[in-house]
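# Descriptive structure summary
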Amino acid sequence: MSPRFYTHTALAEGLRALFQALEQRLSLSRPLNAYLAGGMAVHLYTANRVTTDVDAEFGGRIYLPNDLMVEITLEDGSPQVVYLDTNYNSSFALMHEDYLDDAIPVDMGMDWIKLHVLAPVDLAVSKIARFADNDKEDIVALVRSGLTSADEIESRATDALAAYVGGQAMLKLNLRDALALARQAETSAR
């Protein structure tokens, strides 16, 4: 069963407008896959994360304009600007080798950009390398929403560690702490 996406919030509408503007700016004439990660992906799953930068990976080589942004008004009346994070790079995150294949398509009404959102477990795993406060909050939100579990995160992250290049000591400590948070979230969600 595919998860429900919150596609009609102010942030989701801003995301749609941003990708539609990108389609126009790039003069696309054939489909382009886009894979959404980060806080905006968490927002589409939970509707409770507010972020305005869009972390996306594309299924083709494109020029990402750094001046592309969309002004929105959040539900609380505050103005925000949604923009593409042109520095986003999935190579810096812990990612399972199948994360793109397992991403879930979401119809945002674009003509050429075919949006996929990282699966909840992959989104949680992607938060482990940096593991900042908002990453911790995102993992908890995904688990509390019943979209993934501590066991799923542990299995997927353990598989992903096998392909990670470089020292893993900090990643393993972050994973330990992420799993503790996920287990707490499971307990509080019951």
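Just above sits the structure.
Residues numbered from 1 in each chain as written. Predicted model: local features only at pLDDT ≥ 70, side-chain atom pairs only at ≥ 80, totals over all residues. Heavy atoms only, no water.

## A few points about the packing of helix α4 (residues 133–144) against helix α6 (residues 169–189)
Axis separation between α4 and α6 bottoms out at 8 Å; the angle between their running directions is 40 degrees. Between α4 and α6, the angle falls in the class oblique. Relative to α6, α4 is oriented so that their crossing is right-handed. Mapping the contact onto sequence places Lys136, Ile139, Val140, Val143 and Arg144 in α4 and Ala178, Leu181, Ala182, Ala185, Glu186, Ser188 and Ala189 in α6. By residue class, the composition of the contact of α4 with α6 is 8 nonpolar, 1 polar and 3 charged. (Axes fitted to C-alpha atoms, helices over the stretch in contact; angles between N-to-C directions. Helix = DSSP H or I, 4+ residues; strand = E, 2+ residues; numbered from the N terminus. Parallel < 35°, antiparallel > 145°, perpendicular 65-115°, else oblique. Left-handed = near helix turned anticlockwise from the far one by under 90°. Contact = heavy atoms within 4.5 Å. Nonpolar A, V, L, I, M, F, W, Y, C, P; charged D, E, K, R; others polar.)

## A word on the packing of helix α1 (residues 10–26) against helix α2 (residues 38–46)
Following both chains from N to C, one finds α1 and α2 inclined at 125 degrees, their axes separated by 10 Å at the closest point. When the interaxial angle is binned, α1 and α2 end up oblique. Between α1 and α2 the crossing geometry is left-handed. Of the residues in α2, those touching α1 at Leu11, Ala12 and Leu15 are Met40, His43 and Leu44. Counted by class, the contact of α1 with α2 contains 5 nonpolar, 1 polar and no charged residues.

## A word on the sheet that holds strand β5 (residues 104–105)
With respect to topology, 6 strands assemble into an open sheet ordered β3-β4-β2-β1-β6-β5, the strand pairing being mixed. Only two strands of the sheet have a single partner each, and these edge strands are β3 (69–73) and β5. Where strand β1 (residues 32–37) lies against strand β2 (residues 53–58), 4 bridges are found, and the strand directions are antiparallel. Paired with Tyr35 across the two strands is Glu57, which belongs to β2. (Pairing = 2+ DSSP bridges.)

## Examining the side chain of Glu23
Its location among the elements puts Glu23 in helix α1. Despite its burial, Glu23 pairs with no opposite charge, the nearest such side chain being Lys114 at 6.4 Å. Among the polar contacts made by the side chain of Glu23, one reaches the main-chain amide nitrogen of Asp111 at a distance of 3.0 Å. Residues contacting Glu23, with those up to four places away along its chain left out, are Leu28, Met110, Asp111, Trp112 and Ile113. (Buried < 20%, exposed > 50% of the residue type's maximum accessible area, 1.4 Å probe, protein only. Lys, Arg positive; Asp, Glu negative; His and termini not counted. Salt bridge = Lys/Arg side-chain N within 4 Å of Asp/Glu carboxyl O. Polar contact = N/O pair within 3.5 Å; in protein donor to acceptor, adjacent residues only side chain to side chain.)

## Things to note about the pattern of salt bridges
Enumeration over the complete set of coordinates arrives at 11 salt bridges. Where Asp138 meets Lys127, a salt bridge forms, and the shortest distance between an N and an O atom there is 2.7 Å. Of this pair, Asp138 sits in helix α4 while Lys127 is found in the loop between α3 (120–126) and α4, placing the two residues 11 residues apart along the sequence. Residue Asp138 is classed as buried on the basis of its relative accessible area, which comes to 1%. Using a relative accessible area of 5% as the deciding quantity, one classes Lys127 as buried. With a shortest N-O distance of 3.0 Å, Arg176 and Asp177 are connected by a salt bridge. The class for Asp177 is partly exposed, based on a relative accessible area of 31%. In the salt-bridge network here, residues are joined through shared partners; they are Lys127, Arg130, Asp135 and Asp138.

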